[in-house]
Amino acid sequence: QYDLKILMMFLDFDKSDDLRLDRTEFVAALPQIMKETKLPMPKNVDEAWNSMDSNGGGMVLYDEFADFMVSHKVKNPSAKILQVATSVGRRGVAKKSRASPKP
């Protein structure tokens with residue numbers, strides 16, 4: 001269910017319907033993103049932007065958005081979210097889930 005919630009939030013924030021968040025859309029969405037993740041509102045919008053635009057492409061793609069939301073919200077993400085996180089090179093979430101217990 002959380003997978004769908006992340007997607008619905010992203011689509012709602014994407015006012016231009018191009019499946020990317022530009023900086024204007026991101027700034028408008030920031031209060032809701034921070035509310036969902038229970039993070040404080042950043043004092044520096046550039047820092048928040050750079051943390052979500054992880055590939056530095058100048059737009060926030062769905063994979064980047066989902067990865068950010070998962071890393072700040074979901075403790076036990078579904079397999080689908082783990083695939084998204086892994087596909088964008090964010091192996092931290094996936095490794096934690098698959099780590100074998102230490103002897």
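Please refer to the structure placed before this passage.
A brief report on the enclosed structure follows. Source: prediction; values computed, not measured. (Residues numbered from 1 in each chain as written. Predicted model: local features only at pLDDT ≥ 70, side-chain atom pairs only at ≥ 80, totals over all residues. Heavy atoms only, no water.)

### Quick notes on the pattern of salt bridges
Note that side chains of opposite charge can pair when their charged atoms are close.
Then step 1. One pass over the structure, following the stated rule, counts 4 salt bridges.
Then step 2. Ionic pairing is found between Glu-36 and Lys-5, a salt bridge with its closest N-O pair at 3.0 Å. Of the two residues, Glu-36 is situated in helix H2 (residues 23-37) and Lys-5 in helix H1 (residues 2-13); the sequence distance between them amounts to 31 residues.
Then step 3. According to the relative accessible area criterion, Lys-5 is partly exposed, its value standing at 37%. (Salt bridge = Lys/Arg side-chain N within 4 Å of Asp/Glu carboxyl O. Helix = DSSP H or I, 4+ residues; strand = E, 2+ residues; numbered from the N terminus. Buried < 20%, exposed > 50% of the residue type's maximum accessible area, 1.4 Å probe, protein only.)

### Looking at the packing of aromatic side chains
Then step 1. Going through the model one piece at a time under the given rule, you end up with 4 aromatic pairs.
Then step 2. Seen in terms of ring centroids, Phe-10 and Phe-65 are 5.4 Å apart; in terms of plane orientation they differ by 50°. Their pairing is tilted. Of this pair, Phe-10 sits in helix H1 while Phe-65 is found in helix H4 (residues 62-73), placing the two residues 55 residues apart along the sequence. Grouping residues by exposure puts Phe-10 and Phe-65 together as buried.
Then step 3. Here a set of aromatic residues connected by ring pairs shows up, and it is made of Phe-10, Phe-13, Tyr-62 and Phe-65. (Phe/Tyr/Trp six-rings, centres within 6.5 Å; stacked < 30°, edge-to-face > 60°.)

### Some remarks on the environment of Met-41
Then step 1. Summarising the element assignment, Met-41 is placed in the loop between H2 and helix H3 (45-52).
Then step 2. Each C-alpha atom of the pair Met-41 and Pro-31 lies 6.9 Å from the other, and the pair is 10 residues apart in sequence.
Then step 3. When neighbours within four sequence positions are excluded, Met-41 is seen to be in contact with Leu-30, Pro-31 and Met-34. (Contact = heavy atoms within 4.5 Å.)

### Re the packing of H2 against H3
Then step 1. Packing of H2 against H3 brings their axes to within 11 Å, and their N-to-C directions diverge by 95°. Our classification of the angle between H2 and H3 gives roughly perpendicular. Residues Arg-23, Phe-26, Val-27, Leu-30 and Ile-33 of H2 touch H3, and the partners they reach there are Val-45, Asp-46, Ala-48, Trp-49 and Met-52. (Axes fitted to C-alpha atoms, helices over the stretch in contact; angles between N-to-C directions. Parallel < 35°, antiparallel > 145°, perpendicular 65-115°, else oblique.)

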